[in-house]
Amino acid sequence: MPSRGPLDGRSLLATKILGGLTAFVFVGQMVAAHSRDLGLLSAWDRSNYLRFGALLVEPGEPFEPFRLLSAVFVHMGVLHFGMNMMTLGMLARAAEPAVGSARFAIVYVLTGLFGFIASAAWNLFVQPEAVCTAGASGAVFGVMGLLLGWLLRRRDPRWKDLALQAVFYIVLFGFVVNASNTGIRINNAAHIGGLASGALLGVIYAGPARIRFEGVMNAGALAGVLACLAALGLAQRSPLWRATESIDGLSRIEAPAREERDDPGAATGAGSPAPDGP
């Protein structure tokens, strides 16, 4: 990665790196699941999600701050992973060439982080409850917010259509799905936190470009990716998922029928795992 000069976003370098890291983590989840069930939606044990970095907010359990970042790369089934990555690919084709790869990487990492900070704050202070949550859609909504803020500051009328799309997805996935009887819970706080922080960064980035800051942007993007790797590594070393794994195993032995019907969180008393995305 060069230390000076802008990184041309037309190559989608940041999207490839971040998407590739997400895919690598998801393959690890599938291998660790030891199951023929591909996990279309929340089919794995909670220990699987926590092992790879999902965020746990639960009274009486230790809060591990690194999970606010590692959770961006963890998904709760094939459908959850596929929809987030497909949406990211579509948005990135417009966003990354506009702001450059370094700024795009910074936006993705920061908005994913802010999304889960908003989620943790909601579940701790506004609506206290035990939640195991993960997914990239806080960051994906952050990319949508980036485009929205960019277009808005540049007075491009297309911002109105994009704003309507953002509201549509938040309402559809955040409220309609949560109100249905599917058992799927959507993390609205992460979506809104990612969207709002992305829009703010979009407004900032749409200002006059200053070449002398490109080295700082490149260094910030590299630091962000390294922080993601460090957070994922800490998740693997955490004793939290090992303790949960033993509880999951006991639940399967004592009540196999319930384990087949319930989601992984319900089997361990943590409530339903909540994908942060569609």
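Residues numbered from 1 in each chain as written. Predicted model: local features only at pLDDT ≥ 70, side-chain atom pairs only at ≥ 80, totals over all residues. Heavy atoms only, no water.

1. With respect to the packing of helix α5 (residues 101-126) against helix α8 (residues 188-205)
The angle between the axes and the distance between the axes are what describe a pair of packed helices. Axis separation between α5 and α8 bottoms out at 7 Å; the angle between their running directions is 145 degrees. In this structure, α5 meets α8 at a crossing whose hand is right-handed. From α5, R103, I106, V107, L110, T111, F114, G115, A118, S119 and W122 reach across to α8, where they touch A189, A190, G193, G194, S197, G198, L201 and Y205. Among the residues making up the contact of α5 with α8, the classes are represented as ten nonpolar, seven polar and one charged. (Axes fitted to C-alpha atoms, helices over the stretch in contact; angles between N-to-C directions. Helix = DSSP H or I, 4+ residues; strand = E, 2+ residues; numbered from the N terminus. Left-handed = near helix turned anticlockwise from the far one by under 90°. Contact = heavy atoms within 4.5 Å. Nonpolar A, V, L, I, M, F, W, Y, C, P; charged D, E, K, R; others polar.)

2. Observations regarding the nonpolar core
Formed by 67 residues in total, the largest nonpolar core has its most connected members in F73, F104, Y108 and Y205. It is helix α6 (residues 137-153) that contributes the most residues to this core, ten residues altogether. Not counting chain neighbours up to four residues away, the residues in contact with Y108 comprise L18, T22, V72, M85, L88, A136, A139 and V143. (Core = buried A, V, L, I, M, F, W, Y, C linked by side-chain atoms within 4.5 Å. Buried < 20%, exposed > 50% of the residue type's maximum accessible area, 1.4 Å probe, protein only.)

3. So, the environment of V74
With respect to the element layout, V74 can be found in the loop between α3 (67-70) and α4 (78-99). Exposure remark for V74: the relative accessible area of 0% places this residue in the buried category. Along the backbone, V74 and L50 are 24 residues apart, and their C-alpha atoms lie at a distance of 8.8 Å. Other than its neighbours up to four places away in sequence, V74 contacts V25, Q29, Y49, F52, G53, A54, A134 and G135.

4. Here's the deal with the packing of α4 against α6
In contact at an axis separation of 9 Å, α4 and α6 are set at 35 degrees when each is read in the N-to-C sense. Between α4 and α6 the crossing geometry is left-handed. Here α4 contributes N84, T87, L88, L91, A94, A95, A98 and V99 to the contact with α6, which in turn contributes S137, V140, V143, M144, L146, L147 and W150. Within the contact of α4 with α6, the residues separate by chemical class into twelve nonpolar, three polar and no charged.

5. Some words on α6
Its 17 residues place the ends of α6 24 Å apart at the C-alpha level, agreeing with the 24 Å of an ideal helix rising 1.5 Å per residue. Most of α6 sits out of view: 15 of its 17 residues are buried. Of the residues trailing α6, R155 is marked for its positive phi of about 55 degrees. (Expected span 1.5 Å × (residues − 1).)

6. Remarks on the pattern of salt bridges
The tally for this structure, following the rule as stated, stands at five salt bridges. Across the salt bridge formed by R46 and E58, the nearest N and O atoms sit 3.1 Å from each other. Taken as a pair, R46 in helix α2 (residues 46-52) and E58 in the loop between β1 (55-57) and α3 lie far apart in primary sequence, twelve residues in all. The same class applies to R46 and to E58, which are both buried. (Salt bridge = Lys/Arg side-chain N within 4 Å of Asp/Glu carboxyl O.)

7. Quick look at the packing of aromatic side chains
For the coordinates displayed, the defined rule picks out two aromatic pairs. Measuring from centroid to centroid gives 5.7 Å for F26 and W44, while their planes differ by 40 degrees, and the two rings are tilted. Residue F26 is found in helix α1 (residues 13-33), and its partner W44 is found in the loop between α1 and α2; the two are separated by 18 residues along the sequence. Here F26 and W44 have matching classes, each one buried. Of the aromatic side chains, those joined through ring pairs into one cluster are F26, W44 and F81. Over the ring of Y205 we find R103; its NZ or CZ atom is 5.5 Å from the centre of that ring. (Phe/Tyr/Trp six-rings, centres within 6.5 Å; stacked < 30°, edge-to-face > 60°. Lys NZ or Arg CZ within 6 Å of the ring centre and 35° of its normal.)

8. Observations concerning the confidence of the model for the protein chain
For the protein chain, per-residue confidence averages 81 on the pLDDT scale, and 75% of positions sit at 70 or higher. Here helix α11 (residues 256-261) stands out as the least confident element of the protein chain, with mean pLDDT 28; α3 is the most confident, with 98. In the predicted structure, residues 249-272 sits below a pLDDT of 50 and forms 35 contacts with residues beyond four places in sequence or in another chain. (pLDDT = per-residue confidence, 0-100.)

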